[in-house]
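One letter stands for each residue in the lines below.
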Amino acid sequence: MTDPISFASTEITGLIAGDAEEWDRTAALPLDLLRKLGADGRLCGQVPATYGGWGLDSAANGAYTAHVGSLCSSVRSVMTSQGMAAWTVERFGTPEQRSDFLPLLTGGELAAVGFSERGAGSDLAAMSTRVRRDGDTVVLDGHKVWVTAAHYADLLVLFGMFEDDGDSEGQEEGAVAVVVPASTRGVRIDRVPDPLGCRAAGHADITLDDVRVPLTHVLGGAALPLPLLVTTALAYGRMSVAWGSVGILRGCLTAAARHATVREQFGVPLGEHQLVARHLAELLVAEQTATRVCEHASRCWDEGSPDQVMATVLAKHISAGNAARGAATAVQVLASAGARDSHLVARAYRDAKLMEIIEGSNEICQLMLARHVLGSAA
Ligand code: FAD
C-alpha cells in the first residue's frame, strides 16, 4: 500500500512546486489553492479524523510539513497558522467548541493566530488587547501585529487579557483566547508591506474596535493562566516551524549539490574544490542534525513525554539556526546563480532568517533552555 504521506507529498508537489517563485514575487498565494488544501484537511494534518482531519501523529505531520517547507515557505507558514489555530481549539475548546470550529478548519476555512502587539513581542505579558464580558457576548478592543495568514483568514484566534467587569459573579482576570470571524464588525486587517521573507504568507496587522462575538467563542472559558495558554499554542507553532526549517535545508542542499555537480570552474566541477565540498558537508550536517532533533521532539509529542516542551524548543532553535546558516551557505555555493531575489536559495535565505525570529526568537529559546538547565541543577 502507498504510504499516505508519500502520496500526499507527491500530490502537493504537483500543486505548488513550479509556482513558489511567482507567489514570492507577487506576494500572493492563490486563495482557491489554499481553500482546496484546507478543504482536504491538508493545512492542519494533526486534527483527528472525527473532525474531518487526517489524524496524523506529530512525526508524520512533521515529515509532511518539511516537504511543504522545501517547496514553499509561504504555504508552509499558512499551514503553521492553521495548525496552531486548530491545536488551540483542540487543547482549550470544550467538546462543543471542538465540534463547532474544527470541521471548519478541515473544511476549507482559513485561520490565523494573533498574539503579538506593537508593545508585546517577546514579552507577551505586556499584551494590551482587552476582552470583556457583556451579557452573553465578549467585546475585544486592541490590536495585533504581523499575524501570518491574517490576510487570507476567515477565522482569527486572538489572544488578550480578560477584564473582569466587576458585575458578574465568578469572573477573574487572566488570559483568554477567542475565535473571531474575520468579517465581524470592528475588525480591520491591514497587510504588512514588503516582508523580508515568506512574502506570500499574508502577514497582516489587525485592529479590533469594539468587536463583539458570542461568549461561546471564548475557548475554554475566560481567565486562563497566560503562560499555559501561550506555551500550549506556541508549542505547535514551534514544532511546525522546526520541521519547516528542515524543509528549507533540504531544498538548499539539493540546489547546492546540483549546482556543484554541473558548474565547472578551473576545469572541474565546483564540488571537486575542497572548500566548496566543505560547504556541502556543512549543509548535510545542518540538515541531518535538524532532522534528528525534530524527530526526537515529535517522538516526545507522540509518546506524551514530559520532555515535550523542552525538546520542542530545542528542535525549533537548532532547526531555525541551521536553516539560516545553511541557506547562507547555499547562496555562497551558487554565488551569482543564486543571487537573484527569486531563486530558491535566495528565497530560502530570506525565509530562513525569519524562522530565527518567530515562535520564540533565538534569544528567547536560549533563555528557555538555560532556565531548564538551571532548573535541573537546582
Ligand atoms: P522584540 O521582542 O522587540 O525583540 C527584539 C530582539 O530582542 C530580538 O532579537 C529578541 O530575541 C531580543 N530580546 C527580547 N527580549 C529579550 C530578552 N529578555 N533577552 C534577550 N533577548 C531578548 N505574531 C503573531 O502573533 N502571530 C503570527 O502569526 C506571527 N507571525 C509572524 C511572522 C513573521 C514573519 C514575523 C517576522 C513575525 C511574526 N509574528 C507573529 C510576530 C513575532 O511573534 C514577533 O516578531 C516575535 O515574537 C519577536 O517580537 P518582536 O519582533 O517584537 O521583537
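From a predicted model like this one, the values you see are computed outputs, not experimental measurements. (Residues numbered from 1 in each chain as written. Predicted model: local features only at pLDDT ≥ 70, side-chain atom pairs only at ≥ 80, totals over all residues. Heavy atoms only, no water.)

(A) Geometry of the site of the ligand. Near the ligand there are 18 residues, and of these Phe-115, Ser-116, Ser-122, Ser-361 and Glu-363 occur at the shortest range. The contact in question runs from a nitrogen atom of the ligand to an N or O atom on the backbone of Trp-146, over 2.9 Å. Within the contact set of the ligand, a nitrogen atom lies 2.8 Å away from a side-chain nitrogen or oxygen of Thr-148. Within the complex, 63% of the 970 Å² of free accessible area of the ligand lies under protein. According to the grid-proximity analysis, the pocket containing the ligand is the largest pocket. At the level of elements, strand E1 (111–114), strand E3 (137–147) and helix H11 (362–377) are the ones that each hand at least two residues to the shell around the ligand. Looking at side-chain class alone, the shell around the ligand contains ten nonpolar, seven polar and one charged residues. Residues from two domains meet in the shell around the ligand; each of domain 2 (112–224) and domain 3 (227–377) gives at least three. (Near = heavy atom within 4 Å. Polar contact = N/O pair within 3.5 Å; in protein donor to acceptor, adjacent residues only side chain to side chain. Areas by Shrake-Rupley, 256 points an atom, 1.4 Å probe, with all protein chains shown as cover. 1 Å grid on protein atoms, 1.4 Å probe; cavity = no way out; pocket = protein on both sides within 12 Å on 5 of 7 lines; lining within 4 Å. Sits in = over half its atoms within 2 Å of the grid points. Helix = DSSP H or I, 4+ residues; strand = E, 2+ residues; numbered from the N terminus. Nonpolar A, V, L, I, M, F, W, Y, C, P; charged D, E, K, R; others polar. Domains from an automatic or database assignment.)

(B) Representation of the nonpolar core. Core analysis: the biggest nonpolar cluster contains 74 residues, and Leu-105, Phe-115, Phe-159 and Leu-219 have the highest contact counts within it. The element best represented in this core is helix H7 (residues 226–262), accounting for 19 residues. With residues up to four places along the chain from it excluded, the contact list for Phe-115 reads Met-84, Leu-124, Met-127, Lys-144, Phe-159, Val-230, Ala-233 and Leu-234. With 45 residues, the next largest nonpolar core counts Val-68, Cys-72, Ala-153 and Val-213 among its residues. (Core = buried A, V, L, I, M, F, W, Y, C linked by side-chain atoms within 4.5 Å. Buried < 20%, exposed > 50% of the residue type's maximum accessible area, 1.4 Å probe, protein only. Contact = heavy atoms within 4.5 Å.)

(C) A look at the pattern of salt bridges. Taken as a whole and assessed by the stated rule, the structure comprises 16 salt bridges. The partner of Asp-210 in a salt bridge is Arg-132, with the nearest N and O atoms 3.8 Å apart. On the criterion of sequence distance, the pair formed by Asp-210 in strand E7 (residues 204–214) and Arg-132 in strand E2 (residues 130–134) is long-range, its members being 78 residues apart. Judged by relative accessible area, which is 40%, Asp-210 ranks as partly exposed. In this structure, the salt-bridge partner of Asp-341 is Arg-350, at a minimum N-O distance of 2.9 Å. (Salt bridge = Lys/Arg side-chain N within 4 Å of Asp/Glu carboxyl O.)

(D) The pairing of E2, seen in detail. The pairing of E2 with E3 spans five bridges and is antiparallel. The partner of Arg-133 across the bridge, within E3, is Val-138. Here E2 folds back onto E3 in antiparallel fashion, the turn holding two residues, of which Gly-135 has a positive phi close to 65°. Looking at chain direction, E2 and strand E4 (residues 155–163) are connected through three bridges and run parallel. The partner of Val-131 across the bridge, within E4, is Phe-162. (Pairing = 2+ DSSP bridges.)

(E) Local environment of unusual backbone geometry. One non-glycine residue, Phe-266, adopts positive backbone phi at about 55°. One non-glycine residue with positive phi stands out, namely Glu-359, at about 50°. Relative to the helices and strands, Glu-359 resides in the loop between helix H10 (344–355) and H11.

(F) Layout of the layout of surface pockets. Taken as a whole, the largest pocket spans an internal volume of roughly 1,100 Å³. Along the walls of the largest pocket sit 40 residues, with Gly-121, Leu-124, Leu-234, Glu-359 and Gly-360 positioned nearest its centre. At the level of elements, helix H5 (73–92), E1, E3, H7, helix H9 (308–334), H10 and H11 are the ones that each hand at least two residues to the lining of the largest pocket. At seven residues, H7 tops the list of elements feeding residues into the lining of the largest pocket. A class-by-class count of the residues in the lining of the largest pocket yields 22 nonpolar, twelve polar and six charged. (Points joined across faces, edges and corners; volume = space filled by probe spheres on them.)

(G) Just empty space enclosed by the protein, in detail. This model, assessed by the stated rule, comprises four cavities of 30 Å³ or more. The calculated volume of the largest cavity comes to roughly 90 Å³. If you go around the largest cavity, the residues you meet are Gly-69, Ser-70, Leu-71, Cys-72, Ser-73, Gly-247, Ile-248, Gly-251, Leu-344, Arg-347, Ala-348 and Asp-351. No other element matches H10, which puts four residues into the lining of the largest cavity. Here the residues of the lining of the largest cavity are counted per class, giving five nonpolar, five polar and two charged. The residue makeup of the lining of the largest cavity includes at least three contributed by each of domain 1 (4–110) and domain 3 (227–377). One number sums up the size of the second largest cavity: a volume of about 50 Å³. Taken together, Gln-46, Ser-58, Asn-61, Gly-62, Thr-65, Tyr-236, Met-239, Ser-240, Trp-243 and Ser-298 make up the lining of the second largest cavity. Contributing elements (two or more residues each) for the lining of the second largest cavity: helix H4 (58–71) and H7. In terms of domain composition, the lining of the second largest cavity takes at least three residues from each of domain 1 (4–110) and domain 3 (227–377).

(H) The domain arrangement of the chain, seen in detail. The domains assigned to the chain are domain 1 (4–110), domain 2 (112–224) and domain 3 (227–377). Taken over C-alpha atoms, the centre of domain 2 sits 30 Å from the centre of domain 3. With twelve residues of domain 2 at the contact, the number on the domain 3 side is eleven residues. Summed over both sides, the interface of domain 2 with domain 3 buries roughly 1,000 Å², with 81% coming from carbon and sulfur. When residues of domain 2 are sorted by the area they lose upon contact with domain 3, Phe-115, Leu-196 and Cys-198 head the list and together hold 40% of the total. Inspection of the domain 2/domain 3 interface yields one salt bridge. (Buried area = accessible area lost by both parts, 1.4 Å probe.)

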